Amino acid sequence: MRVFVKICGLSTPRAVSEAIHAGADAIGFVFAESPRQVTPKRAAQLCRDVSPAIIRVAVMRNPTRDEWRRVADEFAPDWLQTEAGDFARLDLPEGISRLPVFRDTPDLDMAAFGREELVLFEAAESGQGVQADWRRAAELVAGMGADRQLVLAGGLRPENVGAAIATVRPWGVDVSSGVESRRGVKDPERIAAFIAAVREAESGHV
């Protein structure tokens, strides 16, 4: 089974180019407060020549309606990634899909989790290199039907993503800080190494 790969927190043309060249399925742009934060206009510029085959993801956290409207209008992503509870108050234009974030915390809302077809399971904090509980993630995956999909995030890097795939058996993986040379700066070699490690691990992911 092919594992979906999202490279997140891109902010330069080189990083976008390297992620796509290495084989990423999706590229994420952060609009929440972060060293990786970009404006909607900048994200649109970075994606100007990106193939429609690559999924462009707007990454937000508790945005206001106006903040989301600006991103939707100026960037027009394929997916919106934000906290699961945010979607109740946000209007998604036709053509934009949702990627709700569920965090590895004691108060994980299993009822809400069970209603989603595609989810991102993340550590308590994003972009800090903190690893989510893989065993808990594996239990969530085991309880999901074949028509539901989980993207694993949190603390992944080239050195451990193979083990994460073997343990969790996720539909996809998402990385940001794990492919950086320093905080907020993507490393082309680590991006390539991460995706190569994912592809190597796929042989045992059936």
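Up top is the structure these notes are about.
What comes next is a walk through the structure. (Residues numbered from 1 in each chain as written. Predicted model: local features only at pLDDT ≥ 70, side-chain atom pairs only at ≥ 80, totals over all residues. Heavy atoms only, no water.)

A complete count under the given rule lists five aromatic pairs for this structure. Ring centres of F4 and W79 lie 5.6 Å apart, and the angle between their planes is 20°; on these two criteria the pair is classed as stacked. In this pair, F4 sits in strand 1 (residues 4-7) while W79 sits in strand 4 (residues 79-83), placing the two residues 75 residues apart along the sequence. With relative accessibility at 10%, the residue W79 sits in the buried group. When the centroid spacing of 5.7 Å and the interplanar angle of 55° are considered together, the rings of F31 and F75 count as tilted. With F31 in the loop between strand 2 (26-30) and helix 2 (40-46) and F75 in the loop between helix 3 (65-74) and strand 4, this pair connects stretches of sequence that are 44 residues apart. Among the residues examined, F31 registers a relative accessible area of 9% and is labelled buried. Three or more aromatic residues link up through ring pairs in this structure, and these residues are F4, W79 and W171. The lysine or arginine in question, R56, covers the ring of F75, its NZ or CZ lying 5.5 Å from the ring centre. The ring of F87 is capped by R98, whose NZ or CZ atom sits 4.4 Å from the centre of that ring. (Phe/Tyr/Trp six-rings, centres within 6.5 Å; stacked < 30°, edge-to-face > 60°. Helix = DSSP H or I, 4+ residues; strand = E, 2+ residues; numbered from the N terminus. Buried < 20%, exposed > 50% of the residue type's maximum accessible area, 1.4 Å probe, protein only. Lys NZ or Arg CZ within 6 Å of the ring centre and 35° of its normal.)

A few words on the nonpolar core. I7, F29 and F194 are the most contacted members of the largest nonpolar core, which totals 57 residues. If you tally residues by element for this core, the top one is helix 7 (residues 188-201), at six residues. Once residues within four sequence positions are removed from consideration, I7 is found in contact with A19, A24, A26, I27, G28, V175, V179, I191, F194 and I195. Membership of the second largest hydrophobic core comes to 15 residues, among which are V30, V57, L99 and L120. (Core = buried A, V, L, I, M, F, W, Y, C linked by side-chain atoms within 4.5 Å. Contact = heavy atoms within 4.5 Å.)

For S176, the position within the fold is in the loop between strand 8 (172-175) and strand 9 (180-182). Residue contacts for S176: discarding those within four places in its chain leaves C8, G9, R36 and K186.

Attention now moves to helix 3. Structural remark: α-helix, 3.6 residues per turn; residues separated by three or four positions point the same way. Of the residues making up helix 3, those classed as buried are W68, V71 and A72. End-on view of helix 3: buried residues confined to an arc of 100°, all on one side of the axis. The outward face of helix 3, more than 90 degrees from its buried face, is lined by the exposed residues D66 and D73. Close packing links the buried residues of helix 3 with helix 2, strand 3 (55-59) and strand 4. (Arc of directions from axis to C-beta.)

The subject of this paragraph is the packing of helix 1 (residues 13-22) against helix 7. Contact geometry of helix 1 with helix 7 gives a least axis separation of 9 Å together with a crossing angle of 25°. Taken together, the axis directions place helix 1 and helix 7 in an arrangement best described as roughly parallel. In the packing of helix 1 onto helix 7, the handedness of the crossing is right-handed. In this structure, helix 1 uses R14, A15, E18, A19 and A22 to contact helix 7, whose residues at the interface are P188, I191, A192 and I195. Its residues assigned to classes, the contact of helix 1 with helix 7 comprises seven nonpolar, no polar and two charged. (Axes fitted to C-alpha atoms, helices over the stretch in contact; angles between N-to-C directions. Parallel < 35°, antiparallel > 145°, perpendicular 65-115°, else oblique. Left-handed = near helix turned anticlockwise from the far one by under 90°. Nonpolar A, V, L, I, M, F, W, Y, C, P; charged D, E, K, R; others polar.)

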